[in-house]
Amino acid sequence: MHIKNVSVIGAGTMGNGIAHVFAQNGFLVNLVDVQPSQLEKALQTISKNFDRQISKGAVTEEQKQQALNNITTFTDIGEGVKNAQLVIEAATENEALKLKIFKQIDEAAPAGAILASNTSSISITKMAAVTTRPQQVIGMHFMNPVPVMKLVEIINGYATRKEVSETIVALSKQLGKVPCTVNDYPGFIANKILMPMINEAIYSLYEGIAGVEEIDTIMKLGMAHPMGPLQLADFIGLDVCLSILRVLHDGFGNPKYAPCPLLVNMVTAGKLGVKSGEGFYVYTAGNKELVLSERFRK
Ligand code: NAD
């Protein structure tokens, strides 16, 4: 199947990155969000990210302009997907919302279009089940920041047709990414392995085995991880980590995935990490140094 027109639903952190890489590679992108301010912000972010690529000599000013010309914004999903060959849903990680969006795009997108989700953990099979084309529904899980990270985790739902999966693998390669295909079970592979590690790091802090800096330093220097697990949790968003752990816990029914009570408390208190300004560390605009939250100072 020849794909030229791609619609991206949700213009947040991931949606703007996905629009960026498709537009850069010559695809025509319809970027859709219910909030006009998010669309405006997304275009500014995309432009800024291109400027960073230009300063590194990776793209030219002309390529940036071409890519920006390839992006059209919409606030109406029906309008935004009506000429799509591929729709990638990258809206907020909320199951009820995603099921609603999948019904809408199934009604409005051409019959042959592939419907993909960038979800971190929600069942592809469930989203497929609310459409009339479950064989054309698939997971296309990009990593943050999308223009930089090479991996695309491709998730075959229970009914995903082999040719659809092959098309998405080939397309990911065309974007310069490295696709890895997995089956649709809670957390897929990336988060089924990452989240228990983050949860174990939070448990180790909660149990008083070590402090935030010790835990992060041991994993950074001992395991050659670029970021410690607690800093990474702040970067991902503690609310996002908690919701993925709940998907794993509910989906497998195994107590080993039970979220640490400290994580639950932090999310309840609104300490969500980088996006709220405080998690295990505190974040102030313009400060690149890692500063421990007062709560965890000894
Ligand atoms: P975000 O909160 O930055 O953006 C979500 C966007 O969806 C917002 O702009 C919101 O206005 C929009 N939206 C909400 N309802 C909508 C609707 N009905 N129609 C159109 N747009 C709607 O979230 P994000 O971090 O970009 O995450 C998006 C998806 O990507 C989630 O499923 C998340 O799990 C997944 N993901 C996130 C990361 C990450 O590191 N942030 C990494 C991989 C995957």
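Residue numbering note: each chain is counted from 1, following its sequence as written. Restriction of local features to residues with pLDDT of at least 70 applies here, the model being predicted, together with a cutoff of 80 or more for giving and counting side-chain atom pairs; totals for whole chains, interfaces and linings are based on all residues. Here the side-chain values reflect all heavy atoms present in the structure, with hydrogen atoms and water set aside.

Asks: Which parts of the structure should I look at to understand the packing of aromatic side chains?
Replies: Aromatic ring pairs are defined here through the distance separating the ring centres and the angle between the ring planes. Working definition: rings of Phe, Tyr and Trp (its six-membered ring) pair if their centres are within 6.5 Å, and the pair is stacked with planes under 30 degrees apart, edge-to-face with planes over 60 apart, and tilted otherwise. Under the counting rule described, the total for this entry stands at 5 aromatic pairs. Between Phe22 and Phe142, the aromatic rings sit 6.5 Å apart at their centres with planes inclined by 70 degrees, giving edge-to-face as the arrangement. Within this pair, whereas Phe22 is found in helix H1 (residues 13-24), its partner Phe142 is found in strand S6 (residues 137-142), the two being separated by 120 residues in sequence. The exposure classification of Phe22 matches that of Phe142, with both residues buried. Between Tyr203 and Tyr206 the ring centres are 5.9 Å apart and the planes differ by 75 degrees, which places this aromatic pair in the edge-to-face class. Placement of both Tyr203 and Tyr206 in helix H8 (residues 190-206) is noted, with a separation of 3 residues, approximately one turn of the helix. Given the relative accessible area of 45%, Tyr206 is considered partly exposed. Taken together, Phe22, Phe27 and Phe142 form an aromatic cluster joined through their ring pairs. Here Lys192 stacks its cationic end above the ring of Phe252, 5.6 Å away from the centre of that ring. Secondary structure elements are taken from DSSP: a helix is a run of H or I of four residues or more, a strand is a run of E of two residues or more, and numbering for both begins at the N terminus. Note on classification: 1.4 Å probe, protein chains only; a residue is buried when its accessible area is under 20% of the maximum for its type, exposed when over 50%, partly exposed between these limits. Consider the ring centre and the ring normal. A charge sits over the ring if Lys NZ or Arg CZ is within 6 Å of that centre and within 35 degrees of that normal.

Asks: Looking at this structure, how should I read the side chain of Asn199?
Replies: As for its position among the elements, Asn199 is in helix H8. With relative accessibility at 2%, the residue Asn199 sits in the buried group. The contact criterion used throughout is that any non-hydrogen atoms of two residues lie within 4.5 Å. Every residue in contact with Asn199, bar those within four places of it in the chain, is listed here: Leu245, Tyr257, Ala258, Pro259 and Cys260.

Asks: Would you take a moment to explain the sheet that holds strand S3 (residues 71-74) for this structure?
Replies: Strands in a sheet are paired, the pairing made by backbone hydrogen bonds, and the direction either parallel or antiparallel. By definition, two strands form a pair when at least two bridges between them are found by DSSP. A sheet is described by the order of its strands in space; here 8 strands give the open sequence S3-S2-S1-S4-S5-S6-S7-S8, paired in mixed fashion. A single partner strand is all that each edge strand has here, and the edge strands are S3 and strand S8 (178-183). Going across the sheet, the axis of each strand differs from the next one's by a mean of 25 degrees, ignoring polarity. As paired elements, strand S4 (residues 86-89) and strand S5 (residues 114-117) share 4 bridges and run parallel to each other. Residue pairing across strands places Val87 opposite Leu115, the latter belonging to S5. Angular values range over 0 to 180 degrees, each being the angle between N-to-C directions of two axes fitted as lines to C-alpha atoms, with helices fitted over their stretch in contact. Along the sheet face, helix H2 (residues 36-55) touches strand S2 (28-32) and S3 and points at about 160 degrees away from the line of S3.

Asks: What exactly am I supposed to notice about the nonpolar core here?
Replies: Note on soluble globular proteins: their nonpolar side chains tend to be buried together. Residues belong to one nonpolar core when they are buried, are Ala, Val, Leu, Ile, Met, Phe, Trp, Tyr or Cys, and are joined through side-chain atoms within 4.5 Å. Formed by 36 residues in total, the largest nonpolar core has its most connected members in Ile18, Phe22, Leu86, Ile88, Met140 and Phe142. Top element by residues in this core is H1. It accounts for 6 residues. If we skip the residues at most four places from it in the chain, Ile88 touches Val6, Ser7, Val8, Ile9, Ile18, Phe22, Ala116, Asn118, Met140 and Phe142.

Asks: Could you clarify how one ought to interpret the site of the ligand in this entry?
Replies: Only a single heavy atom is needed: when it lies within 4 Å of a molecule or strand, its residue is near that molecule or strand. Among the 24 residues in the neighbourhood of the ligand, the closest are listed as Asp33, Gln38, Glu93, Lys98 and Ser120. Take Asp33: an N or O atom from its side chain is 2.6 Å from an oxygen atom of the ligand. N or O atoms within 3.5 Å of each other form a polar contact, as long as, within protein, one can give a hydrogen and the other can take it, and as long as residues adjacent in sequence are counted only when both atoms are side-chain atoms. A distance of 2.5 Å separates an oxygen atom of the ligand from a polar atom in the side chain of Glu93. For every accessible area listed, the method is Shrake-Rupley and the probe measures 1.4 Å; residues are considered covered only by the protein chains on display. Look at the ligand: alone it shows 840 Å² of surface, and the protein chains cover 83% of it. Every element with two or more residues in the shell around the ligand is listed here: H1, helix H5 (95-108) and S6. It is H5 that contributes the most residues to the shell around the ligand, 3 residues altogether. Looking at the shell around the ligand, its residues break down into 10 nonpolar, 11 polar and 3 charged. Just so you know the grouping, Ala, Val, Leu, Ile, Met, Phe, Trp, Tyr, Cys and Pro go in nonpolar, Asp, Glu, Lys and Arg go in charged, and all remaining residues, Gly too, go in polar.

Asks: Any chance you could explain the pairing of S8 here in plain terms?
Replies: Looking along a regular strand, one sees side chains alternate from face to face of the sheet. Here 6 bridges tie strand S7 (residues 151-156) to S8, and the two strands are oriented parallel to one another. In the strand pairing of S8, Asn156 is matched with Asn183. Handedness of the crossover is the feature at issue here: the chain leaves S7, passes through helix H7 (residues 162-174), returns alongside S8, and the resulting connection is right-handed. If the strands point away from the viewer and the path from the first strand over the helix to the second runs clockwise, then the crossover is right-handed.

Asks: Can you help me understand the pairing of S2 in this one?
Replies: Burial of S2 is extensive: 4 of the 5 residues sit out of reach of the surface. With 5 bridges joining them, strand S1 (residues 5-9) and S2 adopt parallel strand pairing. Residue pairing across strands places Ile9 opposite Val32, the latter belonging to S2. Chirality of the crossover, the property in question, places the unit of S1, H1 and S2 among those that are right-handed.

In short, geometric facts, not functional conclusions.
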